[in-house]
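Survey of secondary and tertiary structure
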Amino acid sequence: MKISDILKAKRTVSFEFFPPKKEETEQVLFKTIKDLRKYNPDFVSVTYGAGGSTRDKTLEWTKCMKQEHDYSVMMHLTCVAASEQKIEAVTDSLTGLQVDNILALRGDMPDDMPKEDISDEFQYASDLVRYIRKTTGDKFSIGVAGYPEKHTEAKSMEADIESLKRKVDEGADFIITQLFFDNYHFYNYLEKVRAVGIDVPIIAGIMPILNLSQAVRFTQMCGATIPKPLVAKLDGATVEDQYKIGMEFAAKQCGGLWASGVEGLHFYTLNKYNATEELIKSVF
Ligand SMILES: Cc1cc2nc3c(=O)[nH]c(=O)nc-3n(C[C@H](O)[C@H](O)[C@H](O)COP(=O)(O)OP(=O)(O)OC[C@H]3O[C@@H](n4cnc5c(N)ncnc54)[C@H](O)[C@@H]3O)c2cc1C
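Keep in mind it's a predicted model, so treat the numbers as computed, not measured.

Let us now look at the overall build of the protein. Helix and strand counts for the protein come out as 11 helices and eight strands. In terms of C-alpha radius of gyration, the protein reaches 18 Å, essentially the compact-globule figure of 19 Å for 284 residues. Overall size of the protein, expressed as C-alpha extent along the three principal axes, is 50 × 45 × 45 Å. Expressed as a percentage of its 284 residues, the buried residues of the protein come to 55%. Accessible area of the protein: about 13700 Å², with a carbon and sulfur share of 50%. With 35 positive and 42 negative side-chain charges, the protein shows a spacing of 3 Å between the two charge centroids.

In structure tokens, the structure reads:
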């Protein structure tokens, strides 16, 4: 089902997974997606490696989630270094799988990509949204990324929101945000985004902190910040206590967002069953 249609009827809860690299972790994901089915998320999504590096795996997991577990699925698709031909091959595959949703992203240039594999047909995610709309019309519901604390490369929040508007003007139906830990950033972003006339639904991206070092690594990569009082609480705590503190914080964060009327919560599950189940149970 198209996410744009689901969002017309209700607020969404969704789970994001990534294609594992090793066979043991693949088995964990098989079990996770099977066991999380009972929570009936409105959709699930599968990430796409930088420069298309996980293309086949992403398609395989997308197929598995759709056909074996009957989830509504969104596949992430990045355009950096991709050619029109490669993008069209992916949208054709998704059509064949009867997958209705794409998260259209620019992605980041992989350091190790051979020069001859790099195409410059797409510069920004807005080019990808335009291309998918041009070649497939309304076949897909298209989501794009938003950054409550600004994308790391953007000159200013205003410039970043202009870029977001371009993606929506090209035909994006909804926005999913980068992770954030202070709801203030989300509310502030929402106000600024609405002020420039962007009226599509905005789904909040949520990642519970399972341990401080991992959270620091993720936030350094994506430019999000962890509130200082939370860092102080986590710093020096045992691994078990860090998990407990992180989960309690995430449950409170989600509760606040839900109470404020957020249009959707998208959980970056990191393929973890226990943490995702615990969070869902404590929020709803
Ligand atoms: C929900 C979510 C899911 C993600 N999933 C994946 C994934 O599966 N795989 C993956 O590799 N990455 C993923 N990412 C990360 C994403 O690919 C990176 O953040 C990437 O650096 C930017 O992608 P984008 O689609 O936001 O790019 P864009 O929207 O193209 O923006 C990139 C930068 O360019 C600027 N910009 C845009 N248009 C213009 C313009 N016309 N002129 C000047 N500047 C402009 C923007 O302000 C921004 O700073 C995800 C991010 C989010 C939030």
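Still more to cover.
The next point concerns the side chain of N271. By the element assignment, N271 lies in the loop between β8 (264-268) and α11 (273-283). With a relative accessible area of 7%, N271 lands in the buried category. Polar contacts involving the side chain of N271 include one to the main-chain carbonyl oxygen of F18, which spans 2.9 Å. Once residues lying within four places of it in the same chain are set aside, the contact partners of N271 are F17, F18, P20, V28, L29 and T32.

The full set close to the ligand counts 24 residues, and Y48, D108, Y147, D160 and K167 are the nearest of them. A distance of 2.8 Å separates an oxygen atom of the ligand from a polar backbone atom of R106. Within the side chain of K167, one N or O atom sits 2.7 Å away from an oxygen atom of the ligand. For the ligand, whose accessible area on its own is 970 Å², the fraction buried by protein is 83%. At the level of elements, β3 (73-78), β4 (101-105), α6 (157-169) and β6 (174-177) are the ones that each hand at least two residues to the shell around the ligand. With four residues, α6 is the largest single contributor of residues to the shell around the ligand. In the shell around the ligand, the residues fall into 10 nonpolar, eight polar and six charged.

Before going further, it helps to spend a moment on the environment of I102. Counting through the fold element by element, I102 comes out in strand β4. Measuring from C-alpha to C-alpha, the distance between I102 and F140 comes to 6.7 Å, with 38 residues separating the pair along the chain. Other than its neighbours up to four places away in sequence, I102 contacts M74, M75, L77, T91, L94, I132, F140, S141, I142 and G143.

Moving on, we come to empty space enclosed by the protein. Evaluation of the coordinates by the stated rule reveals two cavities of 30 Å³ or more. Space inside the largest cavity adds up to approximately 50 Å³. Forming the walls of the largest cavity are Y147, P148, E149, K150, Q178, L179, F180, C222, G223 and A224. The volume enclosed by the second largest cavity comes to roughly 30 Å³. Looking at the second largest cavity, the residues that line it are P208, F267, Y268, T269, T276 and L279. Counting only elements with at least two residues in the lining of the second largest cavity, the list comes to β8 and α11. For the lining of the second largest cavity, the per-class residue count stands at four nonpolar, two polar and no charged.

All right, on to the layout of surface pockets then. Computed from the structure, the second largest pocket encloses a volume of approximately 200 Å³. In terms of lining residues, the second largest pocket is bounded by F181, D182, N183, P227, P229, L230, K233, I245, E248, F249, K252 and Q253. For the lining of the second largest pocket, the elements supplying multiple residues, two or more each, are α9 (228-234) and α10 (239-259). If one sorts the elements of the lining of the second largest pocket by residue count, α10 sits on top with five residues.

Another point: the pattern of salt bridges. This structure, assessed with the given rule, holds 13 salt bridges. A salt bridge links R55 to D56; the nearest nitrogen and oxygen atoms lie 3.8 Å apart. Across the pair E263 and R194 runs a salt bridge, and its minimum N-O distance is 3.1 Å. One end of the pair, E263, is in the loop between α10 and β8; the other, R194, is in helix α7 (residues 183-195), with 69 residues separating them in the sequence. By relative accessible area, which is 28% here, E263 ends up partly exposed. Assessed through its relative accessible area of 30%, R194 is described here as partly exposed. Here the salt bridges do not stand alone but share partners, grouping R106, D108 and E153 into one network.

Analysis parameters
Residues numbered from 1 in each chain as written. Predicted model: local features only at pLDDT ≥ 70, side-chain atom pairs only at ≥ 80, totals over all residues. Heavy atoms only, no water. Helix = DSSP H or I, 4+ residues; strand = E, 2+ residues; numbered from the N terminus. Rg over C-alpha atoms; globule rule 2.2 N^0.38 Å. Buried < 20%, exposed > 50% of the residue type's maximum accessible area, 1.4 Å probe, protein only. Areas by Shrake-Rupley, 256 points an atom, 1.4 Å probe, with all protein chains shown as cover. Lys, Arg positive; Asp, Glu negative; His and termini not counted. Charge placed at Lys NZ, Arg CZ, Asp CG, Glu CD. Polar contact = N/O pair within 3.5 Å; in protein donor to acceptor, adjacent residues only side chain to side chain. Contact = heavy atoms within 4.5 Å. Near = heavy atom within 4 Å. Nonpolar A, V, L, I, M, F, W, Y, C, P; charged D, E, K, R; others polar. 1 Å grid on protein atoms, 1.4 Å probe; cavity = no way out; pocket = protein on both sides within 12 Å on 5 of 7 lines; lining within 4 Å. Points joined across faces, edges and corners; volume = space filled by probe spheres on them. Salt bridge = Lys/Arg side-chain N within 4 Å of Asp/Glu carboxyl O.

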